[in-house]
Amino acid sequence: MRTVLRRPEFRLLFGGLLASMAAESILLLALAIWVKDLTGSDGLAGATIFAIIAPMVLAPLVGWAVDRYPRRPFFIIANLATAALLTPLFTVSESADVRIIYVVAVLYGLSYLTLSALLNGLIQQLVPVDLLADANGLLQTVRQGLRLIGPLAGAALYAAVGGWLLTALAMTGFVVAAAVVALLRVPETPSAGGELRWSAELGAGLRHLAGEPALRRALLGYGLGSLVMGFTESLIFAYVDHGLRRDAAFVGVLVTVQGVGGLVGGLFSAATVRRAGEVGTLAAGVTLFGPAALALAYPALWLGCVALLLAGAALPLITVGLNTLIQRRTPAGLLGRVAAASEALVSGPQAVSIGAGALLVGVFDYRLLFALVGLTTTAAGVFLWRGRSLSTPTPTPTPMVHIPLQRRPPAPATPTPRPTP
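Nothing here was measured: the structure is a model prediction, and the numbers come from that model.

A.B. asks: Go over the overall build of the protein chain, please, and point to the residues and values.
C.D. replies: Across its full length, the protein chain carries 17 helices and zero strands. Counting the 421 residues in the protein chain, one finds 55% classified as buried. Carbon and sulfur atoms make up 67% of the accessible area of the protein chain, which amounts to about 18,400 Å² in all.

Rendered as structure tokens:
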């Protein structure tokens, strides 16, 4: 990871992303806690995450737009727009205002999809192939590391002063990210612009995913796991409420524990890609989620902490494996549509499972649902592991070596001819 940070362009991009990732870490959980506090409903709190994921159905259109325009200016505008769309949260004060949170969550989900597709393209432009896993691993390490303080700080700030301060901090993070990335100087690849026709190109990302064997296997396996992974967004509130007998803000503590596991998983993700390949890394992450969910079926705090450590370690392995595979197997001009389409193919089933989980948690015992999640994700992980040979391990990156320029020895002086007398 230190090798990729030696690259000035990536270092600047990384600095801007720190601000936006910090904003995300305090905002996402706070929105769900806000809804839980206003309504007292576990299902409605989990539905907040569903609202964020629901815009994934627009992924083909978003990817088409991302591939039409230069990525750096688009990334800057998208961050500023994200800050602006959070402003209605300042008006939320009572249970009737929950609809405002849901509207903002939907718009934020659309923004998140756009920024993710743009970021994949920027990383591909700035980082050589043998350092893609390191770049993705570093970003995931920091993102998961922020879970150590972000959600807990967000929950504490919400309990102390309410949601307005969290909204202001999140807006600041996105504005700072836009300002820092504006300093980035990256050669823009010519956009497809007028050559693209939506009727022919809107599904190009999906066609690429279906035609590339490693990507197809990765998305089938991860999509299967996502069909039940979303249950946990609502189940965790029931686990804290009915299992541990604590209030909703304690979810922030558990997510912080998950951040410890995420930090460990992020640190080892690039090495795992180099050893097992991208599909193998994805398989390891999905498989780890199985025993984690099974452990949460028994309401004991110590066991819950172990489970969340495993779940935390799984998330960066999944993300780094999938993102690196997409970046390595996709042409630059198609990357926006492929990244957005893959996000939709994973988040679509997850959105359905979040909605189903919000309904099922009120009908079935949450312990039974956790057991179902554990068995299904284990099966998905085994399916992925059997296809690990479709992606080869990433080569070890070659460190940048500075070779000083050698000056040529001065040419021998030519004697000046003397005039003939």
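What follows continues from the structure just given.
A.B. asks: So, the packing of helix α12 (residues 213-229) against helix α15 (residues 301-329): which residues are in play, and what are the values?
C.D. replies: Contact geometry of α12 with α15 gives a least axis separation of 11 Å together with a crossing angle of 150 degrees. Classified by the angle their axes make, α12 and α15 are roughly antiparallel. α15 is crossed by α12, and the crossing has left-handed handedness. The segment α12 lies against α15, with Ala214, Leu215, Ala218, Leu219, Tyr222 and Met229 engaging Ile318, Leu322, Leu325, Ile326 and Arg329. When the residues that make up the contact of α12 with α15 are grouped by side-chain class, the tally is ten nonpolar, no polar and one charged.

A.B. asks: So what about the side chain of Glu212? Which residues, and what values?
C.D. replies: As for its placement among the helices and strands, Glu212 is situated in the loop between α11 (204-211) and α12. The class of Glu212 is buried, set by a relative accessible area of 16%. At a separation of 3.0 Å, a polar atom in the side chain of Glu212 contacts the main-chain amide nitrogen of Ala214.

A.B. asks: Any details on the packing of aromatic side chains? Residues and values, ideally.
C.D. replies: This structure, assessed with the given rule, holds seven aromatic pairs. Relative to Tyr112, the ring of Tyr108 lies with its centre 6.5 Å away and its plane at 40 degrees, an arrangement referred to as tilted. Highlighted residues: Tyr108 and Tyr112, both in helix α6 (residues 98-126), separated by four residues, approximately one helical turn. In this structure Tyr112 comes out as partly exposed when scored by relative accessible area, which is 27%. Site record: aromatic cluster; members linked through ring pairs are Tyr108, Tyr112 and Phe174.

A.B. asks: Pulling in residues and values, what's your account of the side chain of Ser269?
C.D. replies: By secondary structure assignment, the location of Ser269 is in helix α14 (residues 251-295). Note on Ser269: relative accessible area 0%, which makes it buried. Not counting chain neighbours up to four residues away, the residues in contact with Ser269 comprise Gly137, Thr281, Pro316, Leu317 and Val320.

A.B. asks: Could you give an account of the pattern of salt bridges, naming the residues involved and the relevant values?
C.D. replies: A complete count under the given rule lists six salt bridges for this structure. A salt bridge links Arg274 to Asp134, with the nearest nitrogen and oxygen atoms 3.1 Å apart. Taken together, the residues span a long stretch of sequence, with Arg274 in helix α14 and Asp134 in helix α7 (residues 132-145) at a distance of 140 residues. On the basis of relative accessibility, which here comes to 24%, the residue Arg274 falls in the partly exposed class. We note a salt bridge from Arg329 to Glu212, for which the minimum N-O separation is 2.7 Å. Of this pair, Arg329 sits in helix α15 while Glu212 sits in the loop between α11 and α12; the two residues are 117 residues apart in sequence, bridging distant segments of the chain. On the basis of relative accessibility, which here comes to 24%, the residue Arg329 falls in the partly exposed class.

So, how was this worked out
Residues numbered from 1 in each chain as written. Predicted model: local features only at pLDDT ≥ 70, side-chain atom pairs only at ≥ 80, totals over all residues. Heavy atoms only, no water. Helix = DSSP H or I, 4+ residues; strand = E, 2+ residues; numbered from the N terminus. Buried < 20%, exposed > 50% of the residue type's maximum accessible area, 1.4 Å probe, protein only. Areas by Shrake-Rupley, 256 points an atom, 1.4 Å probe, with all protein chains shown as cover. Axes fitted to C-alpha atoms, helices over the stretch in contact; angles between N-to-C directions. Parallel < 35°, antiparallel > 145°, perpendicular 65-115°, else oblique. Left-handed = near helix turned anticlockwise from the far one by under 90°. Contact = heavy atoms within 4.5 Å. Nonpolar A, V, L, I, M, F, W, Y, C, P; charged D, E, K, R; others polar. Polar contact = N/O pair within 3.5 Å; in protein donor to acceptor, adjacent residues only side chain to side chain. Phe/Tyr/Trp six-rings, centres within 6.5 Å; stacked < 30°, edge-to-face > 60°. Salt bridge = Lys/Arg side-chain N within 4 Å of Asp/Glu carboxyl O.

All quantities given are derived from atomic positions and should not be read as evidence of function.
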